[in-house]
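The chain contents come next:
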Amino acid sequence: AMRSGGYTHFDDALDKVIEYYQEAPVDRTNLLFFLSDGIPNVPGDGDNEEPASYQNNHPAALMYDSELAILDQYDVQRMAIGVGSGSDIREGYGLDMIDNTPDDVTGEKAIKVTTTDQLTDALLSNPIVSQIIDLELVVNGVTQPQVDLSTVSSGPTGFSFGQFIISGLNAEKGALNSVTASVTMDFDGDASTVDDQQVLTTTNDIIGALY
């Protein structure tokens, strides 16, 4: 199980994030995972916060509009995750304020995890940065039209395939087969515009083993 406690300084954490994006390469992935118990209790600076003692969810510990505005300028997609059963992901509070990736169906933003398995799923399976709009499989230069997004299932660690008859594969012992998979990712939500799209490609060599 995962539990939370101690001091939590959101303002300082966001300042460190800004420092990173100020120095990061231009081809960076603008994606931030913000993990916390969701209960800031250290006053920030830069947003006219009034001095205050350490107090959970004190208004002075929930003021970081200036930091979020800078991250918006960098077009940073921010996913907030409450860690532990006592974490606070309520609307209008810290993690909810930071998260800018609402669920397409529910509109909810920050999520809560209480186990390492839930945390792993959250980090691996979320469609934050882009949407995969095309998948292509090529075997020894032969495109496999029977394999596309409609015939595979997306999971937290990749795609799951069923059984297919593959064309162009040489199963003879010692034969070298080149298998290439490519996915096209769309970043602006409009598949008709291509300037924002990226194609990721991986190639594996498979040695035939059939006598």
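Residues numbered from 1 in each chain as written. Predicted model: local features only at pLDDT ≥ 70, side-chain atom pairs only at ≥ 80, totals over all residues. Heavy atoms only, no water.

Asker: Tell me about the pairing of strand E1 (residues 31-36), and name the residues and values.
Answerer: Two faces make up the sheet, and in a regular strand the side chains alternate between them. Only one face of E1 is covered, namely the one carrying Leu 32, Phe 34 and Ser 36; the face carrying Leu 31, Phe 33 and Leu 35 has none of its residues buried. The pairing of E1 with strand E2 (residues 77-83) spans six bridges and is parallel. Considered in E2, the bridge of Phe 33 is made with Met 79. (Buried < 20%, exposed > 50% of the residue type's maximum accessible area, 1.4 Å probe, protein only. Helix = DSSP H or I, 4+ residues; strand = E, 2+ residues; numbered from the N terminus. Pairing = 2+ DSSP bridges.)

Asker: Account for the pattern of salt bridges, naming residues and giving values.
Answerer: One pass over the full model with this rule turns up four salt bridges. Put simply, Asp 12 and Lys 16 hold a salt bridge, and the shortest N to O gap is 3.0 Å. Taken together, the positions of Asp 12 and Lys 16, both in helix H1 (residues 10-23) and four residues apart, correspond to about one turn of that helix. A relative accessible area of 33% means that Asp 12 is categorised as partly exposed. (Salt bridge = Lys/Arg side-chain N within 4 Å of Asp/Glu carboxyl O.)

Asker: Provide a residue-level description of the environment of Ala 171, including the pertinent values.
Answerer: Position of Ala 171 among the secondary structure elements: in the loop between strand E7 (158-161) and strand E8 (176-186). On the basis of relative accessibility, which here comes to 37%, the residue Ala 171 falls in the partly exposed class.

Asker: Quick rundown of the sheet that holds E1? Include the residues and the values.
Answerer: Pairing in this open sheet of three strands is parallel, and the strands run E1-E2-E3 from one edge to the other. Each edge of the open sheet is held by one strand with a lone partner, namely E1 and strand E3 (111-113). The mean angle between the axes of side-by-side strands here comes to 30 degrees, regardless of whether they run parallel or antiparallel. Where E2 meets E3, three bridges bridge the pair, whose relative direction is parallel. Note that in E3 the partner of Val 83 across the bridge is Val 113. (Axes fitted to C-alpha atoms, helices over the stretch in contact; angles between N-to-C directions.)

Asker: Lay out the packing of H1 against helix H2 (residues 65-73) in plain terms, naming residues and giving numbers.
Answerer: Across the interface, H1 lies against H2 with an axial gap of 10 Å and an inter-helix angle of 25 degrees. Considering their axes alone, H1 and H2 lie roughly parallel with respect to each other. For H1 against H2, the interelement crossing comes out left-handed. Contacts from Asp 11, Leu 14, Asp 15, Val 17, Ile 18 and Tyr 21 of H1 reach H2 at Glu 67, Leu 68, Ile 70 and Leu 71. The residue inventory of the contact of H1 with H2, partitioned by class, reads seven nonpolar, no polar and three charged. (Parallel < 35°, antiparallel > 145°, perpendicular 65-115°, else oblique. Left-handed = near helix turned anticlockwise from the far one by under 90°. Contact = heavy atoms within 4.5 Å. Nonpolar A, V, L, I, M, F, W, Y, C, P; charged D, E, K, R; others polar.)

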